[in-house]
Amino acid sequence: MNAGSLAALMAQEQAAANRAAAAEGAPDPTTQPGAASDPAVVYAGAADAPSLSGILAVTDSLNRAASISDVGISAGQAIAGLVSVLRDKAVAAQGGAGDPQALDADYQGALATIDQLANSASFQGVTMLDGGSDPNLSFKADLAGETTISLASQDFTTDGPVLGLAGTNLLGGADDLQSVLTQIDAASTSLAGRLADMNARSDQIQTHLGLVSQMQSALSGAGTAGDGADGARLQALAVQQALAAQTGPVANQAPQALLSLFRS
């Protein structure tokens, strides 16, 4: 077990122990040394408790980010499939298999479809793959509005910097066809890297959504614990446990992805 996983496990076990102790009337953990640095103890006071409406606003923002991301990834994967079609046609033309005119017609059709996909991958007015959207789309990720999750728009059009295949064809000689194949392979590699980045950001959004959902559940059930200080304390510890539980799946991710959870 690596250090990140061990720390996540210890945090989760400590949160569970704190919550159990609070339920039995043990001393308030927020009065103990180091409490001020705990990311969940900031909600220990009833006056500071986050509202369900605030959490729902964050959830709506993150759901919009997730939907935009999903649409972009789906279209990007379809474009990757079409790039493979382009390569198949170029290989066939290079090997003399089939009519060159027919192969190029199929090739040009695939290029046109790539542009159609890139220009139509839109959700709520945001088009992720045409290079025309704000390069850094930001979405509210915490109650105070101080933390955001961003999505980087892409340009997967055939004349964009990722693919760079506009104007290519299969009607040239052997050297020309080899050059086209080299371009297609470079485009495929570049596209795969961008899609990997998009999938990583999508995973981060889903992790954050899971955290917010657990916070919402904890707050929804907090009323049964009482309306006074004890109820607020249990509510804070429920949120703390939800936070700790979320660190396990992301313990091995990049530090910034993990830190973004605890800034909320």
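What you see is a predicted model, and the numbers here were worked out from it, not measured in a lab.

What follows concerns the overall build of the protein. A tally of helices and strands in the protein yields six helices and four strands. Listing each helix as α and each strand as β along the protein from the N terminus yields α-α-α-β-β-β-β-α-α-α. Scored against the burial criterion, the 264 residues of the protein give a buried share of 40%. The contacts in the protein between residues at least 6 apart in sequence include a share of 75% that link residues at least 24 apart. Of the accessible surface of the protein, which amounts to about 12700 Å², a share of 52% is contributed by carbon and sulfur atoms.

This next bit is on helix α2 (residues 52–94). Each turn of an α-helix holds 3.6 residues, which means side chains three or four residues apart point in the same direction. The first and last C-alpha atoms of α2 sit 62 Å apart over 43 residues, in line with the 63 Å expected at 1.5 Å per residue. Positive backbone phi, at 75°, marks Gly 96, one or two positions downstream of α2.

The subject of this paragraph is the environment of Arg 64. By the secondary structure assignment, Arg 64 is in helix α2. Accessibility expressed as a relative area gives 31% for Arg 64, which makes it partly exposed. A C-alpha to C-alpha distance of 8.6 Å links Arg 64 and Phe 123, two positions 59 residues apart in sequence. Residue contacts for Arg 64: discarding those within four places in its chain leaves Phe 123, Gln 124, Val 126 and Phe 139.

Counting residues in hydrophobic clusters, the biggest one holds 49 residues, and the most contacted among them are Ile 79, Leu 129, Phe 156 and Leu 163. Listed by contribution, the elements that provide at least two residues to this core are α2, α3 (100–120), β3 (136–140), β4 (148–152) and α4 (174–220). With 15 residues, α2 is the largest single contributor of residues to this core.

What follows deals with unusual backbone geometry. Although it is not a glycine, Gln 124 adopts a positive phi angle of roughly 50°. Overall, the relative accessible area of 53% leaves Gln 124 in the exposed class.

This part is about the environment of Ile 79. Inspection of the secondary structure puts Ile 79 in helix α2. What makes Ile 79 buried here is its relative accessible area of 0%. C-alpha separation for the pair Ile 79 and Thr 157, spaced 78 residues apart in sequence, amounts to 9.3 Å. The contacts of Ile 79, once residues within four sequence positions are left out, are Ile 114, Leu 117, Ala 118, Leu 129, Phe 156, Leu 163 and Leu 191.

Turning our attention to the pattern of salt bridges. Oppositely charged side chains can pair when the atoms bearing their charge come close. Counted under the stated rule, the structure contains two salt bridges. In this structure, Asp 185 engages Arg 87 in a salt bridge whose closest nitrogen and oxygen atoms are separated by 2.7 Å. Residue Asp 185 is found in helix α4, and its partner Arg 87 is found in helix α2; the two are separated by 98 residues along the sequence. Owing to a relative accessible area of 34%, Arg 87 belongs among the partly exposed residues under this scheme. For Asp 106, the salt bridge goes to Lys 89, with nearest N and O atoms at 3.2 Å. Of this pair, Asp 106 sits in helix α3 while Lys 89 sits in helix α2; the two residues are 17 residues apart in sequence, bridging distant segments of the chain. Given the relative accessible area of 22%, Lys 89 is considered partly exposed.

Glancing now at the packing of α2 against α3. Packing of α2 against α3 leaves a shortest axis separation of 9 Å and a crossing angle of 165°. Judged on the interaxial angle alone, α3 and α2 are roughly antiparallel. Here α2 and α3 pass one another in a crossing that is left-handed. Across the interface between the two elements, Ala 75, Ala 78, Ile 79, Leu 82, Val 83, Val 85, Leu 86, Lys 89, Ala 92 and Ala 93 of α2 pack against Leu 103, Asp 106, Tyr 107, Ala 110, Leu 111, Thr 113, Ile 114, Leu 117 and Ala 118 of α3. Residues of the contact of α2 with α3, tallied by class, amount to 16 nonpolar, one polar and two charged.

Turning our attention to the side chain of Gln 154. Tracing the backbone shows Gln 154 in the loop between β4 and α4. Since its relative accessible area comes to 8%, Gln 154 is described here as buried. For Gln 154, the residues in contact, after removing those within four places along its chain, are Met 128, Leu 129, Asp 130, Gly 131, Arg 194 and Met 198.

Attention now moves to the side chain of Ser 69. Mapping Ser 69 onto the fold places it in helix α2. If we skip the residues at most four places from it in the chain, Ser 69 touches Leu 151, Met 198, Ser 202 and Ile 205.

It is worth spelling out the confidence of the model for the protein at this point. Mean pLDDT over the protein stands at 73; residues scoring 70 or higher make up 62%. The least confident element of the protein is helix α6 (residues 255–262), whose mean pLDDT is 38; the most confident is α3, at 95. For residues 25–48, every residue scores under 50 in pLDDT, and the model assigns this stretch 32 contacts once sequence neighbours within four places are set aside. Overall, residues 223–264 carries pLDDT values under 50, and its contacts beyond four positions in sequence, including any with other chains, amount to 86 contacts.

Criteria and cut-off values
Residues numbered from 1 in each chain as written. Predicted model: local features only at pLDDT ≥ 70, side-chain atom pairs only at ≥ 80, totals over all residues. Heavy atoms only, no water. Helix = DSSP H or I, 4+ residues; strand = E, 2+ residues; numbered from the N terminus. Buried < 20%, exposed > 50% of the residue type's maximum accessible area, 1.4 Å probe, protein only. Contact = heavy atoms within 4.5 Å. Areas by Shrake-Rupley, 256 points an atom, 1.4 Å probe, with all protein chains shown as cover. Expected span 1.5 Å × (residues − 1). Core = buried A, V, L, I, M, F, W, Y, C linked by side-chain atoms within 4.5 Å. Salt bridge = Lys/Arg side-chain N within 4 Å of Asp/Glu carboxyl O. Axes fitted to C-alpha atoms, helices over the stretch in contact; angles between N-to-C directions. Parallel < 35°, antiparallel > 145°, perpendicular 65-115°, else oblique. Left-handed = near helix turned anticlockwise from the far one by under 90°. Nonpolar A, V, L, I, M, F, W, Y, C, P; charged D, E, K, R; others polar. pLDDT = per-residue confidence, 0-100.

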